[in-house]
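An overview of the molecular structure
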Amino acid sequence: MDETLESLLLLNAIGADYRLLNKINLLGLHIEEIKKNINVFQKEHLLTENAINNLVKKISSNWCENELEKATRYDTNIIKCFDSDYPQELFDLKDAPLILYCKGNLSRKAEKIYAIVGTRNASPYAKKVAYNLGSLCSKHSCVAVSGGAYGIDSEVHLGVCASGGVTYSVLGSGVDVSFPSSNRELFCNIVTKGALISEFPMGEKPKPWNFPKRNRIIAALSEKLLVVEAPLKSGAMITSKIALELGREVWAVPGRITDSFSEGNNRLIFDGAYPYLDERDFFDIENSFSNSTINSAMRNDFIKLSLLEQRVLAFVKQSGEQTVDSIVGALALSSTEVLTSLSILIVNDLIYKSGTGRYSANI
């Protein structure tokens, strides 16, 4: 077996990341020595006693050979951090994974990779938005990255797969573990054109602490991250925080201010995230239009408008092209209320963006 691969597999299996590799290099050591001279690593305090014990057990039990056999049997590639096909975006993370398990095709030819995330307990509205965003990623030749969970993640992947696009699912388990089990067929479809990705060893069951680690990979892989619907305390909000720290663009779909599952995305907008109102801005489409794919696909699903949405629609229809600020001033509403109402009206194809930051009635 390749000594470098064996060493990285061992270190990755005990939870080590790129920070340890940097320490090893600074001391003039080589990771290949981890198996031959493990005492050096213990002497230099590079590994804890518990980590050393775990390594000794894995070495004595031929764990690496068994791991490679499992990966081969499951048609899974193991990408080392030294390999050319390792995503360079991950090096923006101080704790970049040492290896990635990849089942499928991790294409590096994609011009744009966007992350779309949200709550597992998504509303019907948010699920429809997520599904259509997946379709739009396919339409605009973008790779959609999400986490393979219930709710928003699944709908994004489903939308991409139904449209023949490419999507990556970053898992909080081994790539051979279908979690949730109901997504087994979906994961099989993702593999046909996209990829299942994980830093966790084969057979690793989903554990609560695995998912925050998974989230940093989702954030780092993408140039933009869009939160569809999320409570204030959620994995999606953790992912958006990491994305901001990495300098990625963060977007959010405005939600109703009365919905607890929209508190997170509304707070992101309040704090400066870009509000997702239609596909043109998010996908950098230059030409103005009034009937986007997401609008036409969902037009008939929201025939009942709230009193607030009716007020905004009536004002824009009567007064002509408006900005958010002008609507706020005229109707004495908050910017969040206006943005939320506009997003609902745009989805219903009743209002469209007629210019940068400007809105007009479509009826």
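In this report, the structure presented in the accompanying data block is examined. (Residues numbered from 1 in each chain as written. Predicted model: local features only at pLDDT ≥ 70, side-chain atom pairs only at ≥ 80, totals over all residues. Heavy atoms only, no water.)

**Details of the overall build of the chain**
Basically, it comes down to this: Helix numbers and strand numbers start at the N terminus; a helix is a DSSP run of H or I with at least 4 residues, a strand a run of E with at least 2. Summary of the burial criterion: residues with accessible area below 20% of their type's maximum are buried, those above 50% are exposed, and those between are partly exposed, where the area comes from a 1.4 Å probe applied to protein chains only. Should any heavy atoms of two residues lie within 4.5 Å, those residues are considered in contact. The charge count treats Lys and Arg as positive and Asp and Glu as negative. His and the chain ends do not count. Charge coordinates come from a single atom per side chain, which is NZ of Lys, CZ of Arg, CG of Asp or CD of Glu.
Scanning the chain from terminus to terminus reveals 17 helices and 12 strands. For the chain, the C-alpha atoms occupy an extent of roughly 80 × 35 × 35 Å along the three principal directions. Counting only residues that meet the buried cut, the chain has 54% of its 363 residues in that class. Contacts in the chain between residues far apart in sequence, at least 24 positions, make up 70% of those at least 6 positions apart. Looking at the chain, you have 39 positive and 42 negative side-chain charges, and the mean spots of the two groups are 3 Å apart.

**Quick word on the packing of aromatic side chains**
Test applied: In this scheme Phe, Tyr and Trp rings, the latter by its six-membered ring, pair at centre separations within 6.5 Å, and the angle between planes marks the pair as stacked below 30 degrees, edge-to-face above 60, and tilted otherwise. By definition, being over a ring means that NZ of Lys or CZ of Arg is both within 6 Å of the ring centre and within 35 degrees of the ring normal.
Counted by the stated rule, this structure contains nine aromatic pairs. With a centroid separation of 5.2 Å and an interplanar angle of 65 degrees, the aromatic rings of Tyr18 and Phe91 are classed as edge-to-face. One end of the pair, Tyr18, is in helix α2 (residues 18-26); the other, Phe91, is in the loop between β1 (77-80) and β2 (99-104), with 73 residues separating them in the sequence. Relative to Phe91, the ring of Tyr86 lies with its centre 5.1 Å away and its plane at 40 degrees, an arrangement referred to as tilted. Here the aromatic cluster, defined as three or more aromatic residues joined through ring pairs, consists of Tyr114, Trp251, Tyr274, Tyr276, Phe282 and Phe283. Here the guanidinium or amino end of Lys224 rests over the ring plane of Phe282, the centre of that ring lying 5.2 Å away.

**Regarding the pairing of strand β7 (residues 224-227)**
The test is simple: Pairing between strands requires that DSSP locate at least two bridges from one strand to the other. If the strands point away from the viewer and the path from the first strand over the helix to the second runs clockwise, then the crossover is right-handed.
Of the two faces of β7, the one carrying Lys224 and Leu226 and the one carrying Leu225 and Val227 are both buried. In this structure, strand β3 (residues 113-117) lies alongside β7, joined through four bridges in parallel fashion. By the bridge assignment, Ala115 is partnered in β7 with Leu225. With four bridges connecting them, β7 and strand β8 (residues 249-252) associate as parallel partners. When the bridges of β8 are listed, Lys224 appears paired with Glu249. Note on the crossover from β7 through helix α11 (residues 235-245) to β8: the handedness is right-handed.

**Details of the side chain of Lys224**
Cut-off, in case you're wondering: Any pair of nitrogen or oxygen atoms within 3.5 Å is treated as a polar contact; in protein, a donor-acceptor pairing is required on top of that, and neighbouring residues in sequence qualify only through side-chain atoms on both sides.
Tracing the backbone shows Lys224 in strand β7. One polar contact links the side chain of Lys224 to the main-chain carbonyl oxygen of Phe282, over a distance of 2.5 Å. The contact partners of Lys224, leaving out residues within four places of it in the chain, are Ile113, Tyr114, Ala115, Glu249, Trp251, Asp281, Phe282 and Asp284.

**Things to note about the pairing of strand β5 (residues 167-170)**
Neither face of β5 is exposed, since Thr167 and Ser169 on one face and Tyr168 and Val170 on the opposite face are all buried. Pairing geometry for strand β4 (residues 143-146) and β5, over three bridges, is parallel. Counterpart to Ala144 in the pairing with β5 is Thr167. In this fold, the crossover linking β4 to β5 by way of helix α8 (residues 152-162) has right-handed handedness. Bridge count for β5 against strand β6 (residues 195-198) is three bridges, and the pairing is parallel. Counterpart to Val170 in the pairing with β6 is Ile197.

**Examining the pattern of salt bridges**
Where we set the bar: Salt-bridge detection follows one rule: a side-chain nitrogen of Lys or Arg within 4 Å of a carboxyl oxygen of Asp or Glu.
Going through the model one piece at a time under the given rule, you end up with 17 salt bridges. Taking the shortest distance from any N to any O, the salt bridge between Asp281 and Lys353 comes out at 2.1 Å. With Asp281 in helix α13 (residues 279-282) and Lys353 in strand β11 (residues 351-355), this pair connects stretches of sequence that are 72 residues apart. For Asp281, a relative accessible area of 31% puts it in the partly exposed group.

**Considering the packing of helix α15 (residues 307-319) against helix α16 (residues 324-331)**
Heads up, the condition is: Every axis in this analysis is a line fitted to C-alpha atoms, fitted for helices over the stretch in contact. Angles between the N-to-C directions lie between 0 and 180 degrees. Roughly parallel covers angles under 35 degrees, roughly antiparallel covers those over 145, roughly perpendicular covers 65 to 115, and oblique covers all other angles. Each crossing is labelled by how the near helix is turned from the far one, with a counterclockwise turn of less than a right angle marking it left-handed and a clockwise turn marking it right-handed.
It is the contact of α15 with α16, at a shortest axis distance of 11 Å, that shows an interaxial angle of 110 degrees. Considering the angle they form, α15 stands roughly perpendicular to α16. The chirality of how α15 crosses α16 is right-handed. Here Arg311, Val312, Phe315 and Val316 of α15 come into contact with α16, specifically with Ser326, Ile327, Ala330 and Leu331.

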